[in-house]
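# Tertiary structure, described
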Amino acid sequence: MPSPPPSSLSHSSLPYINPTRRDSPGASLFSHRSRVAPPRPDAPGERPVLRKRCFGVRAGTGVVGDRGVEEGAGDTRRREKCMVLRVGLVCGGPSAERGISLNSARSVLDHIQGDDLHVSCYYIDSNLNAYAISSAQLYSNTPADFDFKLESLAQGFETLSDFAEHLAGSVDIVFPVIHGRFGEDGGIQELLEKSNVPFVGTRSDECRKAFDKYNASLELYRQGFVTVPNFLVQGTELDESELTEWFVRNQLDTNLGKVVVKPTKAGSSIGVTVAYGVADSLKKANELISEGVDDSVLVEIFLEGGSEFTAIVLDLGSAFDCLPVVLLPTEVELQFHGSADVDKKDAIFNYRRKYLPTQQVAYHTPPRFPLDVIKSIRDGASTLFQRLGLLDFARIDGWFLPPSAPISSSENNFGKTESGTVIFTDINLISGMEQTSFLFQQASKVGFSHANILRTIIQHACLRFPSVASYNNVPSPLPKPRTSRLPQLTEVFPKRQDARKVYVIFGGDTSERQVSLMSGTNVWLNLQAFDDIEVTPCLLAPTNSYSSKTASDNKETGVSSRTVWSLPYSLVLRHTTEEVLDACIEATEPTRAALTSQLRNQVMDELMEGFKQHNWFTGFDLSDERPVKLTLKQWVKLAKEVQATVFIAGSFLYHDLLASDYLNSYVVLLRLASSGVARVLYSFNLVSIVHGGIGEDGTLQSLLEAEGVPYTGPGIMASKTCMDKVATSVALDHELTAKLQCETLCIKPARDGCSTGVARLCCPEDLAVYVKALDGCLLRIPPNSLSKAHGMIEMPSPPPELLIFEPFIETDEMIFSSKSTNDNARGIFWKGQSRWVEITVGVLGKRGSMYSLTPSVTVKESGDILSLEENFISLKGGTGVNLTPPPVSIISNEALARCKQRIELIANTLELEGFSRIDAFVNVDSGEVLIIEVNTVPGMTPSTVLIHQALAEQPPMYPHRFFRTLLDLASERSM
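Below is a short write-up of the structure. None of these values were measured; they are calculated from a predicted model. (Residues numbered from 1 in each chain as written. Predicted model: local features only at pLDDT ≥ 70, side-chain atom pairs only at ≥ 80, totals over all residues. Heavy atoms only, no water.)

Broken down by element type, the protein chain carries 30 helices and 39 strands. Each of the 975 residues in the protein chain was classed as buried or not, and the buried ones make up 64%. In the protein chain, the proportion of contacts linking residues at least 24 apart, taken out of those at least 6 apart, comes to 77%. Per element, the accessible surface of the protein chain, about 34600 Å² overall, is 50% carbon and sulfur. (Helix = DSSP H or I, 4+ residues; strand = E, 2+ residues; numbered from the N terminus. Buried < 20%, exposed > 50% of the residue type's maximum accessible area, 1.4 Å probe, protein only. Contact = heavy atoms within 4.5 Å. Areas by Shrake-Rupley, 256 points an atom, 1.4 Å probe, with all protein chains shown as cover.)

Have a look at this one:
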């Protein structure tokens, strides 16, 4: 067993570990760019056909190449002959939205690949230092992870001027995806202008005017728009009397008047909070200033009774002649569902609601506003875009206020309608470009795929610069149409009879259903890269009923009757499964569907009119589809009929695990433990009824196998074994700490995901807090509610009927340091006293010959257990550094090799196949493995640790190749 927990360690007492990767460090990421990267030499399947896209290539020079091979002389000649456009993708920046910028850059990179566009990736850190980075680094799981590896994997520039000079000679046009400061305030634009580097987006002077919320509001007022009354707070000398006069002038109670406090020069949701009265407003304004969020703050009237909206504007003009077309706006609806941790009166569309999966917000595209209001939004946003001198694209946010809403009278009339008032509040010059962002939601509603809208923006920007305008002279072939390809659908495009059908299924009822949605969306989008397959996204609809039947017949009947929705492109782009389901129901409601179709056609007509002057635009690539509703049984039979392969992207719904299943899985794990391959954590069962997800416990696999439908991941028995965490334990009936022989326990749901509801308990009071959260059906336990510091703990919903208590294995504390006190190098400090570290590792291959990827060690900046967000949501508030592989200073090459051998034995003993993820503790000296759990349907989000491990292979497997490998393993298993 592991040694006793080490004593408390100070930062200075821990030895420094250089983060440089073992053997062939980060340099390999710059020199190996092959698209085809099978996990082993004998990997199955022929090389699939990658889609050839307009504006997109993978060959490059130096460190800036993406996913092709490095460019030689012959490649240079071919590039000149084929008119390859070299795009510099610049991300990062000093703002609090840096993580979103990294997500946006990764999304853009994923979707502009093809045969005539080459992407070079660059990063600006929080201190405005510039780096050339490999595209692989964009798949880091958190900003801390990204920064930690920066010095060992990136090429730095001495000054920003050197960086601009490099861009001038290395790229044709720059696509900035820096959100907030230095990205939208004119900083990066001015740098590029001084070096005559073409770039996408608005010029520096216009950026400065539009980005500052106070100056923008003044300009809006001068242009005749209705604006929100506001007050500017600057510096630390706060004048309470002037703010009091402003409250009185706007008929607000000086003690309780409700206002919004927000920075003037930050993202549209950074630092935004609600305040009451003058004193509270000044206090919160001072906090924002003293914390360095901004040096000036706006106090605005809270718009009671209003509805928030956002609208993407696309510029179709020639050169500097602006011709804005506003896409279908999106209504932002805040929802509460009786959540105990949300104060409805203080709810605003903040950072968490904008970027993290939450049931507290829903989106409606088009908005559910009267037609005159929608027209006013589109007309106003178009006028605003033009008068402010914006270019290429932007996102404009605002509010619709009904006539009854209290708003100060104004002589300005732009925005007033019979149905209410439209007010524009925020101008986003570089809109977020994550996979499910507003840009892609609204673009997909009017016929643009991710790739098509991004290339359209780049191509339009080229018109302004003579050096790259010639790239638009010859139109490129339209990307393959993305349609769902179900027989019931009326399609605009002809079907491809030779393409293999793939159904990606996600969703369901477990607490990790949002992770399943993110995973399924990511898999679906990445598989779009291949011309020889047609990929249909499918939602297993969530439900509020959770069966407790134990009879096998009843169980199978209930599962088979569950609803599956085949989704059109635009409906997948949501943050939660509940939102996707609501969008499906809304899309099939006749009146709503007719209105959407009418507005869609109107916008598409305007777009086509604007595109008439551009010969490079060859059309839209998404048809106007509606979702199709099926039972799970019908869906499986349809998959059989069209000979589809099913990619399972999540564990789905709660039902009983039969006693026979439990016994069988228990026997397998006993055999595993007794064989000496690995040890299994000794656990205590709290309750005796087990529930779990059908995607991960063998139920869905049973339905598919009965119809002969191939699917990804392990088979029925292996899935049941690995999903049931209780099967790793022996039931006990005495006190927990006495029997488990430890002072600290780990509590987790018996049959849920790897992070949901997992907490460290150090005393009876901790257990009481945990039980109270379950009893109150809380969605999360706030940070530091337990005796030892921790982050947010996402709780399972509904509460589990069985919990597991395990010994909390004390591993030596690893501390992430952004700077070493000795040599200014980023590093990990680790004492290595207990000699045990926690790892996670992916395995893939055929049954009996599973192959272990390189394990990863995840280092947290604080706390003990990675939260659900930290594990999966990636760059959206999580923390931690993934070391893949672990440095030799932590585990030797020999021990790592023995660890991988044991992992492969574990996988083969459990009869895994396809792919899975194994979490374990490993002894850094012997390579001995102590199993924590096996995930047969691991998270496949854009920066999951499995992607890091695939990229560590030689040559690297990028996401599209990795997912295709898993798909081919499934297809070959059925042959």
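From this point on, the discussion continues.
What follows covers the sheet that holds strand E5 (residues 155-156). The mixed open sheet is built from 5 strands, whose spatial order is E5-E4-E3-E2-E6. Taken across any chain shown, the strands that pair with only one partner, and hence form the sheet edges, are E5 and strand E6 (173-176). Across the sheet, helix H5 (residues 160-170) touches strand E2 (85-92), strand E3 (117-124), strand E4 (130-133) and E6, and the angle it forms with E3 is around 180 degrees. (Pairing = 2+ DSSP bridges. Axes fitted to C-alpha atoms, helices over the stretch in contact; angles between N-to-C directions.)

Strand order across the open sheet formed by 4 strands is E7-E10-E8-E9, with antiparallel pairing between neighbours. Only two strands of the sheet have a single neighbouring strand rather than two, namely strand E7 (230-234) and strand E9 (273-276). Strand-to-strand, the axes of this sheet are offset by a mean angle of 30 degrees, without reference to chain direction. Pairing between strand E8 (residues 258-263) and strand E10 (residues 296-301): 5 bridges, direction antiparallel.

Within the secondary structure, Ala583 sits in helix H19 (residues 577-587). With relative accessibility at 9%, the residue Ala583 sits in the buried group. When the C-alpha atoms of Ala583 and Tyr363 are compared, they prove to be 8.6 Å apart, with 220 residues separating the residues in sequence. Beyond its immediate sequence surroundings of up to four residues, Ala583 is in contact with Leu571 and Arg574.

With 127 residues, the main nonpolar core has Phe175, Met433, Phe448, Leu527, Leu607 and Phe962 as its most contacted residues. Residue contacts for Phe175: discarding those within four places in its chain leaves Val87, Gly88, Leu89, Val90, Val108, Val200, Phe393, Met433, Leu454, Ile457 and Ile458. Ranked by size, the runner-up nonpolar core spans 31 residues in total, among them Ile828, Val881, Leu883 and Leu912. (Core = buried A, V, L, I, M, F, W, Y, C linked by side-chain atoms within 4.5 Å.)

The next subject is unusual backbone geometry. Omega for the peptide link from Thr365 to Pro366 comes to 0 degrees, which places this bond in the cis form. Its location among the elements puts Pro366 in the loop between strand E14 (361-364) and helix H12 (371-387). The omega angle of the peptide bond from Gln954 to Pro955 is -5 degrees, so this bond is cis rather than trans. Look at Leu128: it is not a glycine, yet its phi comes out positive at around 65 degrees. Mapped onto the fold, Leu128 is located in the loop between E3 and E4. Looking at Leu128, the relative accessible area reads 30%, which means it is partly exposed. For Asp392, which is not a glycine, the phi torsion comes out positive at approximately 70 degrees. Residue position: Asp392 is located in the loop between H12 and strand E15 (393-401). Given the relative accessible area of 1%, Asp392 is considered buried.

On to the packing of aromatic side chains. Each pair of aromatic rings is reported with the distance of its centres and the angle of its planes. In this structure the tally under the stated criterion is 23 aromatic pairs. Ring centres 5.8 Å apart and planes at 90 degrees place the aromatic pair Phe309 and Phe424 in the edge-to-face group. Here the residue Phe309 occupies a position in strand E11 (residues 307-315), and Phe424 occupies one in strand E17 (residues 420-428), the gap between them amounting to 115 residues. Taken individually, Phe309 and Phe424 each receive the classification buried, so the pair is uniform in this respect. Ring centres of Phe369 and Phe400 lie 5.0 Å apart, and the angle between their planes is 45 degrees; this geometry places the pair in the tilted category. In this pair, Phe369 sits in the loop between E14 and H12 while Phe400 sits in strand E15, placing the two residues 31 residues apart along the sequence. Accessibility assignment for this pair places Phe369 and Phe400 in one class, buried. One aromatic cluster is present, built from ring pairs that chain together Phe448, Phe611, Trp616, Phe617 and Phe620. The aromatic ring of Phe302 is capped on one face by Lys258, whose charged end is 3.9 Å from the ring centroid. (Phe/Tyr/Trp six-rings, centres within 6.5 Å; stacked < 30°, edge-to-face > 60°. Lys NZ or Arg CZ within 6 Å of the ring centre and 35° of its normal.)

Let us now look at the pattern of salt bridges. Overall, the coordinates contain 38 salt bridges when judged by the stated rule. With a closest N to O distance of 2.8 Å, Glu331 and Arg368 form a salt bridge. Separated by 37 residues along the polypeptide, Glu331 in strand E13 (residues 330-334) and Arg368 in the loop between E14 and H12 bring together distant segments of the chain. Taken together, the salt bridges that share partners define one network made up of Glu190, Lys194, Asp205 and Arg208. (Salt bridge = Lys/Arg side-chain N within 4 Å of Asp/Glu carboxyl O.)

On to the packing of helix H21 (residues 632-641) against helix H23 (residues 699-706). Packing of H21 against H23 leaves a shortest axis separation of 9 Å and a crossing angle of 45 degrees. It follows that H21 is oblique to H23 by the angle criterion. Between H21 and H23 lies a crossing of right-handed hand. On H23, the residues touching Leu632, Trp635 and Val636 of H21 are Leu700, Leu703 and Leu704. Split into classes, the residues belonging to the contact of H21 with H23 amount to 6 nonpolar, no polar and no charged. (Parallel < 35°, antiparallel > 145°, perpendicular 65-115°, else oblique. Left-handed = near helix turned anticlockwise from the far one by under 90°. Nonpolar A, V, L, I, M, F, W, Y, C, P; charged D, E, K, R; others polar.)

Regular strands place their side chains on alternate faces of the sheet. Where strand E34 (residues 836-846) lies against strand E35 (residues 849-852), 4 bridges are found, and the strand directions are antiparallel. Opposite Val843, over in E35, you have Ser852 as the bridge partner. Hairpin connection of E34 to E35: 2 residues between the antiparallel strands, including Gly848 at a positive phi of 90 degrees.

Of all 6 residues that make up E10, 6 are buried, and the element is covered over most of its length. Every second residue of E10 is oriented toward a common face, with Ser296, Leu298 and Glu300 on one face and Val297, Val299 and Ile301 on the other, all of them buried.

Following the sequence through the fold, Ser623 ends up in the loop between helix H20 (590-611) and strand E21 (628-631). For Ser623, a relative accessible area of 11% gives the class buried. Polar contacts involving the side chain of Ser623 include one to the side chain of Glu625, which spans 3.2 Å. (Polar contact = N/O pair within 3.5 Å; in protein donor to acceptor, adjacent residues only side chain to side chain.)

What follows covers H5. Turning to H5, its buried residues number three or more, namely Phe163, Ala164 and Leu167. For H5, the arc enclosing every buried residue in end-on projection is 95 degrees, short of the 170-degree limit, so these residues lie on one face. Opposite the buried face of H5, at more than 90 degrees from it, the exposed residues are Ser161, Glu165 and Gly169. On its buried face, H5 sits against E2, E3, E4, E6 and helix H6 (187-194). (Arc of directions from axis to C-beta.)

Here helix H26 (residues 764-775) is 12 residues long and its end C-alpha atoms lie 16 Å apart, about the 16 Å a rise of 1.5 Å per residue gives. Within H26, burial applies to Asp766, Tyr770, Ala773 and Leu774. Looking straight down H26, one finds its buried side chains confined to an arc of 100 degrees; they lie on one side. Turned more than 90 degrees from where H26 packs its buried face, Pro764, Glu765, Lys772 and Asp775 sit exposed. Buried positions along H26 lie against strand E27 (745-749), strand E28 (759-761), strand E29 (780-781) and strand E31 (803-807). (Expected span 1.5 Å × (residues − 1).)

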